[in-house]
Amino acid sequence: MDLDFSEDEIRRYSRHILLADVGGIGQAKLKAAKVLVIGAGGLGSPLVLYLAAAGIGTIGIVDDDVVELSNLQRQVAHTTARIGVPKVASAAEAAHALNPGVTIEPHATRLTADNALDLIRRYDLVCDGTDNFATRFLVADACALARRTLVSAAVLRFEGQLSVFKPHEGGPCYRCLYAEAPPPGAVPTCSEAGVLGAVTGVMGTLQATEVLKEILGIGESLCGRLLIWDALATRFRTVKLRPDPHCALCSPEATIHDLSAHRDVAAPVCAV
Ligand SMILES: [Zn+2]
C-alpha cells in the first residue's frame with residue numbers, strides 16, 4: 001500500500017492520522033478506495049462532501065438532474081449560483097473546492113438496467129441516495145449481483161433509515177428487508193410528502209460514516225441491522241435484519257440472476 005503522503009496531505013488528514021483506528025495505513029486505504037454515490041441530492045450532498053474531505057481517492061457520482069431552486073433547502077453541495085447546472089458538475093465543483101486532491105468521476109446519466117452493472121463494477125463500494133423504489137431495487141440488485149457492499153440510506157418527512165447490505169459476505173440484502181417494490185404511488189416520495197432538510201444532512205453524514213468504517217474495517221458494521229431515526233422524537237433505534245431463506249435475490253432459491261426485470265420499469269431517477 002502506498003504510504004507516501006505529501007506534507008500537505010499529512011497536514012490535511014492529521015486528525016485522521018492521529019486516530020489509532022485510522023492512522024497512516026487507514027488514510028492510505030481511504031486514498032486507494034473507489035466509492036460510487038448514486039444521487040447528488042440531499043443524501044448525496046453530505047456524502048460527496050465528507051467522502052472528499054476524508055480523502056477517498058476516487059468518488060463517482062451518478063445523477064442526470066440539474067440543480068433547481070427547490071433543491072437548495074437540503075442539497076447543500078449545490079449553490080444558488082449553480083441553478084441550472086448538472087448536479088454531478090455542481091457536486092464535483094463543491095468536492096474539489098474542499099479537496100482538490102481527490103478524483104471525482106461525474107456520470108451525468110440515469111442509472112438503468114443496461115448501465116448499472118458496468119458502472120457499479122468500477123467501484124469498491126456503493127451508496128444509494130435516491131428517492132424512488134424503482135431505482136433503489138435496481139441498485140440493490142446490481143450491487144448483490146456485482147458483489148459490492150451497499151450503504152443505503154432513505155429519508156422521508158422527519159424520519160431516516162440506514163443499513164449496510166453485504167449478501168456476498170453472508171449478510172441480508174435489501175430484498176431480504178423489502179421483497180418487492182411497492183406499486184407506484186403507494187409510498188410517497190420526498191417531492192410528494194416533503195422532508196425536513198437537516199434530516200437528509202444527518203442521514204447522509206451517517207451514511208458517509210458507515211462508508212468510511214467499511215473501507216477502514218473498523219467498528220461494528222451496520223450489516224444485519226437497520227437504523228431508524230425519528231427526528232421529531234429525537235430517537236434512534238436499531239432492528240436486527242436476517243437473511244431471508246427464501247429471498248429472490250440472495251438465497252439458494254434466488255430467481256433474480258440479472259437486471260432484465262428492471263428493463264420495463266420507467267421510473268424517474270431523482271435524488272432526495
Ligand atoms: Zn436477500
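Quick note: structure is the one above.
This is a predicted model, so every value here is computed, not measured.

## Description of the coordination of the zinc ion
Phase 1: Looking at the zinc ion, one finds its protein donor set to be Cys173 (SG), Cys176 (SG), Cys247 (SG) and Cys250 (SG), positioned 2.2 to 2.3 Å from the metal centre.
Phase 2: For the zinc ion, the four donor atoms in the first shell make angles of 97 to 116° at the metal, so the coordination geometry reads as tetrahedral.
Phase 3: Taken in sequence order, the residues that donate to the zinc ion follow the motif C-x2-C-x70-C-x2-C. In this pair, Cys173 is assigned in the loop between β6 (159-165) and α8 (174-177) and Cys250 in the segment after β8 (235-240), connecting sequence segments 77 residues apart.

## Considerations on the pattern of salt bridges
Phase 1: In total, this model carries 13 salt bridges according to the counting rule given.
Phase 2: A salt bridge links Arg263 to Asp114; the shortest N-O distance between them is 2.9 Å. Within this pair, whereas Arg263 is found in the segment after β8, its partner Asp114 is found in the loop between β3 (103-107) and α6 (116-121), the two being separated by 149 residues in sequence.
Phase 3: The class of Arg263 is partly exposed, set by a relative accessible area of 48%.
Phase 4: In this structure, a network of salt bridges that share partners links the residues Glu7, Asp8 and Arg11.

## Topic: the packing of aromatic side chains
Phase 1: Taken as a whole and judged by the stated rule, the model has five aromatic pairs.
Phase 2: Seen from their ring centres, Phe137 and Tyr174 are 5.1 Å apart, and the 75° between their planes marks the pair as edge-to-face. Linking Phe137 in helix α7 (residues 133-146) with Tyr174 in helix α8, this pair joins segments that are 37 residues apart in sequence. Both residues of the pair, Phe137 and Tyr174, belong to the buried class.
Phase 3: Members of the aromatic cluster, each reached through a chain of ring pairs, are Phe133, Phe137, Phe165, Tyr174 and Tyr178.
Phase 4: Seen from the ring of Tyr123, Lys34 lies directly overhead, with NZ or CZ sitting 5.9 Å from the centre.

About the thresholds
- Residues numbered from 1 in each chain as written.
- Predicted model: local features only at pLDDT ≥ 70, side-chain atom pairs only at ≥ 80, totals over all residues.
- Heavy atoms only, no water.
- Donors = N, O, S within 2.8 Å, 3.2 Å for Na, K, Ca; no water.
- Tetrahedral: all angles 85-135°; square planar, octahedral: opposite > 155°, others 65-115°.
- Helix = DSSP H or I, 4+ residues; strand = E, 2+ residues; numbered from the N terminus.
- Salt bridge = Lys/Arg side-chain N within 4 Å of Asp/Glu carboxyl O.
- Buried < 20%, exposed > 50% of the residue type's maximum accessible area, 1.4 Å probe, protein only.
- Phe/Tyr/Trp six-rings, centres within 6.5 Å; stacked < 30°, edge-to-face > 60°.
- Lys NZ or Arg CZ within 6 Å of the ring centre and 35° of its normal.

Function cannot be inferred from these measures alone, as they are strictly geometric.
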